[in-house]
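# Chain and residue survey
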Amino acid sequence: MSAMDEEIEAYAAAVRAALADVPEPDRETLLADLEQHLTEVAAESDPTPTRAAAPAAAPALAPDPGSAGRSLPPGERLVVRLGSPEAYAAELRAAYGVEAPGRGRRSMADLRALVLSPAGRSAVAGRARDLVGEFQPTWWLIRGYLLVIALWRLEHRTWATMPGSLLDVFVLVAVIAGSVALGLRTRRRGGFGGSPFRAVLAIGNVALAGLLLALPSVAGVDLLNLVSPASATPDAVAAVPADRNAETGVPSLANIFPYSRDGKPLSGVLLYDESGKPITLSPEDHGLEVDQPCDGPPPIANAFPLRLRDVTEAGPETEEETGRPECAPITPSPAPRPSRTPGG
Amino acid sequence: MDTTQLLKGVLDLAVLAVLDRGDGYGYDIVRRLRESGIEEVGDASVYGTLRRLFKAGALNSYVVASDEGPHRKYYGLNDTGRATLADSARTWTAFARTVDDLLDDAKGSHP
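Conventions used here
- Residues numbered from 1 in each chain as written.
- Chains lettered and ligands numbered in written order.
- Predicted model: local features only at pLDDT ≥ 70, side-chain atom pairs only at ≥ 80, totals over all residues.
- Heavy atoms only, no water.
- Helix = DSSP H or I, 4+ residues; strand = E, 2+ residues; numbered from the N terminus.
- Buried < 20%, exposed > 50% of the residue type's maximum accessible area, 1.4 Å probe, protein only.
- Contact = heavy atoms within 4.5 Å.
- Pairing = 2+ DSSP bridges.
- 1 Å grid on protein atoms, 1.4 Å probe; cavity = no way out; pocket = protein on both sides within 12 Å on 5 of 7 lines; lining within 4 Å.
- Points joined across faces, edges and corners; volume = space filled by probe spheres on them.
- Nonpolar A, V, L, I, M, F, W, Y, C, P; charged D, E, K, R; others polar.
- Phe/Tyr/Trp six-rings, centres within 6.5 Å; stacked < 30°, edge-to-face > 60°.
- Salt bridge = Lys/Arg side-chain N within 4 Å of Asp/Glu carboxyl O.
- Polar contact = N/O pair within 3.5 Å; in protein donor to acceptor, adjacent residues only side chain to side chain.
- Axes fitted to C-alpha atoms, helices over the stretch in contact; angles between N-to-C directions.
- Parallel < 35°, antiparallel > 145°, perpendicular 65-115°, else oblique.
- Left-handed = near helix turned anticlockwise from the far one by under 90°.
- Expected span 1.5 Å × (residues − 1).
- Core = buried A, V, L, I, M, F, W, Y, C linked by side-chain atoms within 4.5 Å.

Regarding its fold elements, chain B presents four helices and three strands. Each helix and strand of chain B, ordered N terminal to C terminal, gives the series α-β-α-α-β-β-α. For chain B, the proportion of its 111 residues judged to be buried stands at 38%. Across chain B, every contact between residues at least 6 apart in sequence was considered, and the portion connecting residues at least 24 apart equals 45%.

Structural data, given as structure tokens:
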């Protein structure tokens, strides 16, 4: 970049800065083609200072209107010819009819007038509209997701943030796609027309926004903590019947009836799991309990089939006998000797 | 007497008059004004005036592509501009005549 280009750029930047307080679109009008004009001026071979330039000329140079053909150092040609950038900007502004900036800070009244003026207002509104437009697609995704959460709430009777079934996945994809499509259509063609549609859309948007804000407190769900319907809340666990015993992982059975290969019922069969632990069932879950003989040794807990009876009035969840105080509590089942391999 | 003050009042008229002779772009208008004898007009004043007149609806503007350089924005008078020029010229002539008469009286030179 030549020295002249640098000077033009610097001069232009200074002029722009001096006009920074001018509202659009006047500012743009004033500054259009600025560099082009400066280039044309700079291309003059004989920079004759105008009356405006005289007081602002570089100190070392006396303005000499009559001198022809004298070449000035690049850094001063524009200033000598046009005056300082600030003077140029002031002259431009005055000729155009824009008020000159006050010394120092603008008053609040000026600022308010600037912002509320048609030019200022449209600039602010335009920028605000652009910003809102940037966030619109994100809102379409979020509102679709919120709508699906609301649907899952109705379907599963619990708050969930992740799909729990294939149907849930279809619903999620379909609703989010629909939300984006609706948003695009609304943006391009004003939706499906008419103020009723717009009113419904506005109410829907507000409702979903409200759901977003209320979700953490209403549902006790932290949206960042992804959960599935089955384990969302303790209620869900109770609602879904427990298929498995939480501790041992053994299916919740009341009893096991072993038979030999030729169909003969067996009794007193001892069963152990893969780590050698006796298999114990939960007949209490089914309203049954082990029939304890009052005299004699208590039955072995992993000897099948168990001898069971209906739960006594004392209550099903007791692990020790309460209804028959004269009977002894269940003793622990015998552990296998390490050398013996359980099962077959 | 400082002619800059006078110039401020008639710059619109001068720019319209130059454009009446032919369309032109910013730098070109400045040059033509200077050549016609108004040497002290500032570039920025002319540019600002052109844009103000355009905004007021007195000028057309169009862009002319150029082979050797950047595209130039040309201005030209439209009907409103021509009407404004005629009107301002009348005002100026009447004003100048009034001042001339005043001077003649002041000079007190009577044959």
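All names here are of chain B. Pairing analysis gives two bridges linking strand S1 (residues 24-25) to strand S3 (residues 72-77), with the strands arranged antiparallel. The residue bridging Tyr25 from the neighbouring strand is Tyr74, located in S3. The pairing of strand S2 (residues 59-64) with S3 spans six bridges and is classified as antiparallel. Bridged to Asn60 within S3 is Gly76.

Take the layout of surface pockets next. Here the second largest pocket is characterised by a volume of approximately 500 Å³. Split into classes, the residues belonging to the lining of the second largest pocket amount to 12 nonpolar, five polar and three charged.

A word on the packing of aromatic side chains. Under the counting rule described, the total for this entry stands at four aromatic pairs over all chains. Ring centres of Tyr11 of chain A and Tyr88 of chain A lie 6.0 Å apart, and the angle between their planes is 75 degrees; this geometry places the pair in the edge-to-face category. In this pair, Tyr11 of chain A is assigned in helix H1 (residues 3-18) and Tyr88 of chain A in helix H5 (residues 85-96), connecting sequence segments 77 residues apart. The residues Tyr11 of chain A and Tyr88 of chain A share a single accessibility class, namely buried. Ring centres of Phe54 of chain B and Tyr75 of chain B lie 6.1 Å apart, and the angle between their planes is 65 degrees; on these two criteria the pair is classed as edge-to-face. Of the two residues, Phe54 of chain B is situated in helix H3 (residues 43-55) and Tyr75 of chain B in strand S3; the sequence distance between them amounts to 21 residues. The buried category is assigned to Tyr75 of chain B, whose relative accessible area is 4%. Three or more aromatic residues joined by ring pairs form one cluster here, namely Tyr25, Tyr62 and Tyr74 of chain B.

Turning our attention to the interface of chain A and chain B. Between chain A and chain B, the residue contacts involve 20 residues of the former and 21 residues of the latter. Taken together, chain A and chain B are joined by three salt bridges. Note that Asp43 of chain B and Arg81 of chain A form a salt bridge whose closest N and O atoms lie 2.8 Å from each other. There are 10 residue pairs in polar contact (both at pLDDT 80 or more) connecting chain A and chain B. When residues of the side of chain A that touches chain B are traced back to their parent elements, those giving at least two are helix H2 (26-31), helix H3 (34-42), helix H4 (74-82) and H5 of chain A. Of all the elements, H5 of chain A adds the most residues to the side of chain A that touches chain B, at five residues.

For the rest of this paragraph, the subject is unusual backbone geometry. All names here are of chain A. Of the consecutive residues Glu24 and Pro25, the connecting peptide bond is found in the cis state with omega at -5 degrees. Among the secondary structure elements, Pro25 is positioned in the loop between H1 and H2. Residues Phe304 and Pro305 are joined by a peptide bond in cis, for which omega reads 0 degrees.

Residues and elements named next belong to chain B. Taken N-terminus to C-terminus, the directions of helix H2 (residues 26-35) and H3 make an angle of 120 degrees; their axes are 9 Å apart at the nearest point. By the angle between their axes, H2 is oblique relative to H3. For the pair H2 and H3, the crossing hand works out as right-handed. Note on element contacts: H3 touches H2 through Asp43, Val46, Tyr47 and Leu50, opposite Gly26, Tyr27, Ile29, Val30, Leu33 and Arg34.

All names here are of chain A. For Arg27, the location among the structural elements is in helix H2. For the pair Arg27 and Val98, spaced 71 residues apart in the sequence, the C-alpha separation amounts to 9.5 Å. If sequence neighbours within four positions are ignored, Arg27 has contacts with Arg16, Leu19, Ala20 and Val22.

Right, let's talk about the sheet that holds S1 of chain B for a bit. In space, the three strands of this open sheet follow the order S1-S3-S2 (chain B), with antiparallel pairing throughout. The sheet terminates laterally at S1 and S2 of chain B, the two strands that pair on one side only.

All right, on to H5 of chain A then. Residues and elements named next belong to chain A. For H5, spanning 12 residues, the distance from its first C-alpha to its last is 16 Å, which sits close to the expected 16 Å at 1.5 Å a residue. Along H5, the residues that are buried comprise Pro85, Tyr88, Ala89, Glu91, Leu92, Arg93, Ala95 and Tyr96. At the C-terminal side of H5, Gly97 shows a positive phi close to 105 degrees.

Judged by nonpolar contacts, the single largest core of 44 residues is most densely connected at Leu78 and Tyr88 of chain A together with Leu33 of chain B. Element by element, the count of residues in this core is highest for helix H1 (residues 3-21) of chain B, at eight residues. Sequence-distant contacts of Leu33 of chain B, that is, excluding residues within four places in its chain, are made with Leu11, Ala14, Val15, Val18, Ile38, Val41 and Val46 of chain B. Leu146, Ile149, Trp159 and Leu211 of chain A belong to the second largest nonpolar core, which has six residues in total.

Fair warning: the whole summary comes from geometry, so function is off the table for now.
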